[in-house]
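# Residue-level structural notes
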Amino acid sequence: MDLMIMALPVFALLIVAEAIWSSLHGQNAYAMKDFSASMSQLGINIGVRLAIGGTLIALHLWLYQFRVFEVPGGPWGWLLTFITIDFIFYWYHRAQHRVRFLWCAHVVHHSSEHMNLGTALRQSPTGPFTKALFYWPLPLLGFDPLVIASAGAIATIYGFWTHTEVINKLWAPIEWVFVTPSYHRVHHGSNPEYVDKNYGNFLIIWDRLFGTFQPEVAQVQYGLLTNINTYNPLRIAFAEWLRLFRQSLSARSAAQLWQLWLLPPREQGEA
């Protein structure tokens, strides 16, 4: 069973606690319509995960028989898998912001103008398909598919707690190595200095190494450069895809079609 789905009751309790705490401290982190929109995307995403999860694991198991290396089992093998997944996620997440068709899925997660634990669960129904494009080499490299599934779920669960304003900056050594709420608030910001920064999920060192690190230095403005201004679940989930398909039908050449799908969304006015 999907570990993230199993974690939902814990997520629900933490969301209630955050909502109460923020209300008592005058922050009002939640808006009911926005939270309902996030839960609608969670519901659709869960349906997709349940529908295709077995197929993806089956694909990984099939690829695993052609592995070129043998990643050892045990705790060290699991840790190596986890760190490798985190490294791949960094590049997948970076590509989601730099490649238009990948952004069509990821834009759902950035469409809220609020930062709270509910926003963490605003996940695209098409995200599992685009993610699979980056993770299929892992079993060929010798990573056990079942370990990939468990380590990937733990990585996703880790990302949940970084979506909050309740937690301020942490002890400096932690902030230097790991992704924290402060760093992930930056990632969700539409401030010019925050756009396309802090792609990491577990380790912030990838951003430090590859030039995408940005500390939180100013009040974060959440949402998109042009906000969607809707709470309609289907529009949130698919509006960007429909826009891309309409533009594709009007493309005058293969080169223009290629650009529509692969150029960064900001260069096409779609971020």
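To be clear, the structure that these remarks concern was listed above.
Residues numbered from 1 in each chain as written. Predicted model: local features only at pLDDT ≥ 70, side-chain atom pairs only at ≥ 80, totals over all residues. Heavy atoms only, no water.

### Comments concerning the side chain of Thr126
Tracing the sequence through the fold places Thr126 in the loop between α6 (117–120) and α7 (127–135). Side-chain polar atoms of Thr126 contact the side chain of Trp241, separated by 3.0 Å. Those residues in contact with Thr126, other than ones at most four positions away along the chain, are Ala105, Phe238 and Trp241. (Helix = DSSP H or I, 4+ residues; strand = E, 2+ residues; numbered from the N terminus. Polar contact = N/O pair within 3.5 Å; in protein donor to acceptor, adjacent residues only side chain to side chain. Contact = heavy atoms within 4.5 Å.)

### Quick word on a nonpolar patch on the surface
Taken together, Phe87, Trp91, Leu209 and Phe210 make up a surface patch of nonpolar side chains, about 360 Å² in accessible area. Elements with a contribution of two residues or more to the nonpolar patch: α4 (74–98) and α12 (205–210). For Phe87, the location among the structural elements is in helix α4. (Patch = residues over 30% accessible without salt bridge, like charges linked within 9 Å, V, L, I, M, F, W, Y side chains within 5 Å. Areas by Shrake-Rupley, 256 points an atom, 1.4 Å probe, with all protein chains shown as cover. Salt bridge = Lys/Arg side-chain N within 4 Å of Asp/Glu carboxyl O.)

### Quick notes on the pattern of salt bridges
Inspection of the entire model under this criterion finds six salt bridges. The partner of Arg185 in a salt bridge is Glu216, and the shortest N-O contact between them spans 3.0 Å. Of the two residues, Arg185 sits in helix α11 (residues 181–187) while Glu216 sits in the loop between α12 and α13 (233–249), which places them 31 residues apart along the sequence. Each member of the pair, Arg185 together with Glu216, is buried. Glu240 is paired through a salt bridge with Arg243; the nearest N and O atoms lie 2.7 Å apart. In this pair, Glu240 and Arg243 are both assigned in helix α13, three residues apart and thus about one turn of the helix distant. In this structure Glu240 comes out as buried when scored by relative accessible area, which is 9%. A single network of salt bridges, built from pairs that share partners, joins Arg100, Glu240 and Arg243. (Buried < 20%, exposed > 50% of the residue type's maximum accessible area, 1.4 Å probe, protein only.)

### Quick word on the packing of aromatic side chains
Taken as a whole, this structure holds 23 aromatic pairs when the rule is applied. Ring geometry for Phe89 versus Tyr92: centroids 6.2 Å apart, planes at 70 degrees, classification edge-to-face. With Phe89 and Tyr92 both in helix α4 and three residues apart, the pair spans about one turn of that helix. Judged by its relative accessible area of 4%, Tyr92 is buried. A centroid spacing of 5.8 Å and a plane angle of 80 degrees characterise the contact between Tyr158 and Trp161, whose relative ring orientation is edge-to-face. When its relative accessible area of 27% is taken as the criterion, Trp161 is described as partly exposed. Through successive ring pairs, a cluster of aromatic residues spans Trp78, Phe82, Tyr158, Trp161, Phe178 and Phe202. When the ring centre of Phe213 is taken as origin, the NZ or CZ atom of Arg208, which lies over that ring, is 4.1 Å away. (Phe/Tyr/Trp six-rings, centres within 6.5 Å; stacked < 30°, edge-to-face > 60°. Lys NZ or Arg CZ within 6 Å of the ring centre and 35° of its normal.)

### Some details on α7
Regarding α7, the residues found buried are Gly127, Pro128, Thr130 and Tyr135. The arc that holds every buried residue of α7, seen down its axis, measures 160 degrees, which confines them to one face. Tucked into the core, α7 has its buried residues touching α3 (32–64), α4, α5 (100–110) and α8 (137–140). (Arc of directions from axis to C-beta.)

### As for unusual backbone geometry
Despite not being glycine, Asn198 shows a phi value in the positive range, around 55 degrees. Look at Asn229: it is not a glycine, yet its phi comes out positive at around 50 degrees. Within the element layout of this structure, Asn229 appears in the loop between α12 and α13. With a relative accessible area of 65%, Asn229 lands in the exposed category.

### Considering the environment of Thr130
Within the element layout of this structure, Thr130 appears in helix α7. Relative accessible area serves as the criterion here: at 5%, Thr130 is assigned to the buried category. Dropping the residues within four chain positions of it, Thr130 is found in contact with Tyr92, Gln96, Leu102 and Ala105. For Thr130, the side chain forms a polar contact with the side chain of Tyr92, separated by 2.9 Å.

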